[in-house]
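# Observations on the three-dimensional arrangement
Each chain is listed here by its residues.
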Amino acid sequence: MISIRAKRYDGNTSKREEVWLDWAEPGFVNLRGENLNKRYALSEIQLAPPLANLPRELHFADGSLCEVEPSPAIDTLFAPAGSRLLHRWENNLRYAFVALLLTGAVVWLVMEYGIPALSKQVAFALPVSTEEQLGEDTLSGLDRFIFMPSKLSAAKKQQLSKIFQQMLSEPESHYRLEFRASPRIGANALALPSGIVIMTDELVALAKHDEEIIAVLAHELGHVQYRHTLRQVLQNSISGLLIATLTGDILSTSSFAAALPTVLVQTHFARQFETEADDVAVLYLRAHKISTAHFANILLRLTESHHAHEKNVTDYLSTHPSTNDRIQRLRN
Ligand SMILES: [Zn+2]
C-alpha cells in the first residue's frame, strides 16, 4: 500500500487537519485522519496542475481540498491507466464532448474531401485493361439484374450508333453504345467504366428529336470523361468501410462486397458529378449549334416518366440535383 501525508481543508471551515492518503485498491483513495475515514473514487478527485514548488492541490468532489508535497509519484498515482491527459479527458464530460465533435469534424472532412480526392486519384490511375474488365463485368451484371435485350430495329440501332461515333472527339475504340430494354428503370442512360454507354429503348421512345438523344449522350460522355462511375463506386466502398470501422458495424460493409451493379443502380451520382456532366453536354451542344432547350426538354420528360417508376430504383438522369435546378443552369 502507498500512503502520502497531506493537509486537509474540509471546504466549510478554515480548520486544517493532518491526514493520510492511502492507495489500497486500484481506482480508489482512502482518506484517513484522526476522526476521519473516507473512500473516494479517483474520478472524484482533480489534481491541480503543478505550480513551481508549491504544494499540489487535490480537489475532491465534495468540496474538500488536500495539499500534498510535490513529487513525481503523485502524478503517477493519479494516472493509473496511461497518460494523465487521457485520464482527465476520460473523466471530464466537457472534454469528451469536444473530442466527439473533433472526431466528427475529422470524419466529415475525410468523407467530404479526402475520400473523393483519393477516389479520383485511383480512378484515373487505374490501368485501361482493368477499367475495361470492370466495364464488361458491370454490363453483364446489369444484364442479369435489370436489363433485357433491346427491341429496337437494326436500322434504329445503326442510326444511333452512328450519332454516338460522330460525337467522339477521337475514335476511341473501346467507347461504345449499347441498347437495352428495361421496364424496371424505364427511360434512362448509364455510363459504365471504360466508356460503355447504355441507352434504354424507353429513352429512345421518349425522345422527340435526335438532338435530345445527342444531349443525353453528351451528358453520359461527360460522366465517362470524368470517370464518375468508377469514382462513385470507389467513394461508396471506402465510405462504407470507414463507417463500418468507426461504428464496428460490419454489416454496413455488405455494400462493399455487393456487386458493382447494385451500387450503380441504387446510388445517385453526387450533385457535383451531374453538374460536371451537364457542363460537358452544354459545351458540346453549343459547339455544334444545338439548342440547350433540347436538353432541358428531355430532362423534363425524363423526370415525368420517372415519377411513374418505383422509387427505390434511382438513376443517372433523374432528380439529383433537382431537374429544376439543372434546367435553370441550362438556361443561364
Ligand atoms: Zn448524369
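Described in the following lines is the structure provided in the data block. Along every chain, residues carry numbers that run from 1 in the direction the sequence is written. Thresholds applied to this predicted model are a pLDDT of at least 70 for local features of residues and 80 or more for the giving and counting of side-chain atom pairs; totals over whole chains, interfaces and linings are not thresholded and use all residues. Hydrogens are left out, water is left out, and the side-chain values use all remaining heavy atoms of the structure.

## Some points on the overall build of the protein
Threshold: For helices the rule is a DSSP run of H or I covering at least 4 residues; for strands it is a run of E covering at least 2, with both sets numbered from the N terminus onward. To sort residues, take the accessible area from a 1.4 Å probe on protein chains only and compare it with the maximum for the residue type: under 20% means buried, over 50% means exposed, and anything in between is partly exposed. In this analysis, two residues are considered to be in contact whenever any of their non-hydrogen atoms come within 4.5 Å of each other.
Within the protein, the secondary structure is distributed over 13 helices and 11 strands. The 332 residues of the protein split such that 42% are buried. Counting contacts in the protein only where the partners sit at least 6 residues apart, residues at least 24 apart contribute 59% of the total.

## Some thoughts on the sheet that holds strand S5 (residues 45-47)
Our working definition: Strand pairing is assigned whenever DSSP detects at least two bridges linking the two strands. Lines fitted to the C-alpha atoms define the axes, with helices restricted to the stretch that makes contact. Angles between their N-to-C directions range from 0 to 180 degrees.
The 7 strands lie next to each other as S4-S3-S2-S1-S7-S6-S5, forming an open sheet whose pairing is antiparallel. The open sheet has two edge strands with one neighbour each: strand S4 (36-41) and S5. Put simply, the sheet's adjacent strands are angled 30 degrees from each other on average, direction ignored. Note that strand S6 (residues 56-60) and strand S7 (residues 65-68) share 4 bridges and pair antiparallel. Across the sheet, the residue bridging to Leu58 is Cys66, located in S7.

## Here's the deal with unusual backbone geometry
Positive phi, close to 70 degrees, is recorded for Ser194, a residue that is not glycine. Within the secondary structure layout, Ser194 lies in the loop between strand S10 (189-192) and strand S11 (196-200). For Ser194, a relative accessible area of 5% puts it in the buried group. A positive phi is found at Lys289, a non-glycine position, where the angle reads about 55 degrees. Within the secondary structure, Lys289 sits in the loop between helix H11 (271-287) and helix H12 (293-307).

## Description of the sheet that holds S10
Spatial strand order, S8-S9-S11-S10: 4 strands in an open sheet with mixed pairing. Among the strands making up the open sheet, the edge pair consists of strand S8 (148-149) and S10. As paired elements, S8 and strand S9 (residues 176-181) share 2 bridges and run antiparallel to each other. Counted as the bridge partner of Met148 is Ala181 from S9. Against the sheet, helix H5 (residues 154-167) touches S9 and S11, its axis set at about 145 degrees to S9.

## Notes on the packing of H11 against helix H13 (residues 323-331)
Two measures define how a pair of helices packs: the angle their axes make with one another and the distance between the axes. Put simply, the rule reads: In this scheme the crossing of two helices becomes right-handed for a clockwise turn of the near helix relative to the far one and left-handed for an anticlockwise turn of less than a right angle. In this classification, Asp, Glu, Lys and Arg are treated as charged, Ala, Val, Leu, Ile, Met, Phe, Trp, Tyr, Cys and Pro as nonpolar, and every other residue, Gly included, as polar.
Contact geometry of H11 with H13 gives a least axis separation of 11 Å together with a crossing angle of 35 degrees. Pair H11 / H13 crosses with right-handed handedness. Along the contact surface, H11 presents Arg271, Glu274, Thr275, Asp278, Asp279 and Val282, while H13 presents Asp325, Arg326, Arg329 and Leu330. Each residue belonging to the contact of H11 with H13 can be placed in one class, and the counts come to 2 nonpolar, 1 polar and 7 charged.

## A look at the packing of H5 against helix H7 (residues 210-225)
Which entries qualify depends on this criterion: Should an angle fall under 35 degrees it is taken as roughly parallel, and over 145 as roughly antiparallel, whereas 65 to 115 is taken as roughly perpendicular and any remaining angle as oblique.
Relative orientation of the contacting elements H5 and H7 amounts to 50 degrees, with a least axis distance of 10 Å. Considering the angle they form, H5 stands oblique to H7. The chirality of how H5 crosses H7 is right-handed. On H7, the residues that touch Lys156, Gln159, Leu160, Ile163, Phe164 and Met167 of H5 are Asp210, Ile213, Ile214, Leu217, Ala218 and Leu221.

## Some details on the pattern of salt bridges
Rule in force here: A pair is scored as a salt bridge if a Lys or Arg side-chain nitrogen falls within 4 Å of a carboxyl oxygen belonging to Asp or Glu.
Evaluated as defined, the whole model comprises 14 salt bridges. In this structure, Arg8 engages Glu17 in a salt bridge whose closest nitrogen and oxygen atoms are separated by 4.0 Å. You'll find Arg8 and Glu17 in the same group, each marked buried. Across the pair Arg301 and Glu212 runs a salt bridge whose closest N-O atoms are separated by 2.7 Å. Note that Arg301 is positioned in helix H12 and Glu212 in helix H7, a separation of 89 residues in sequence.

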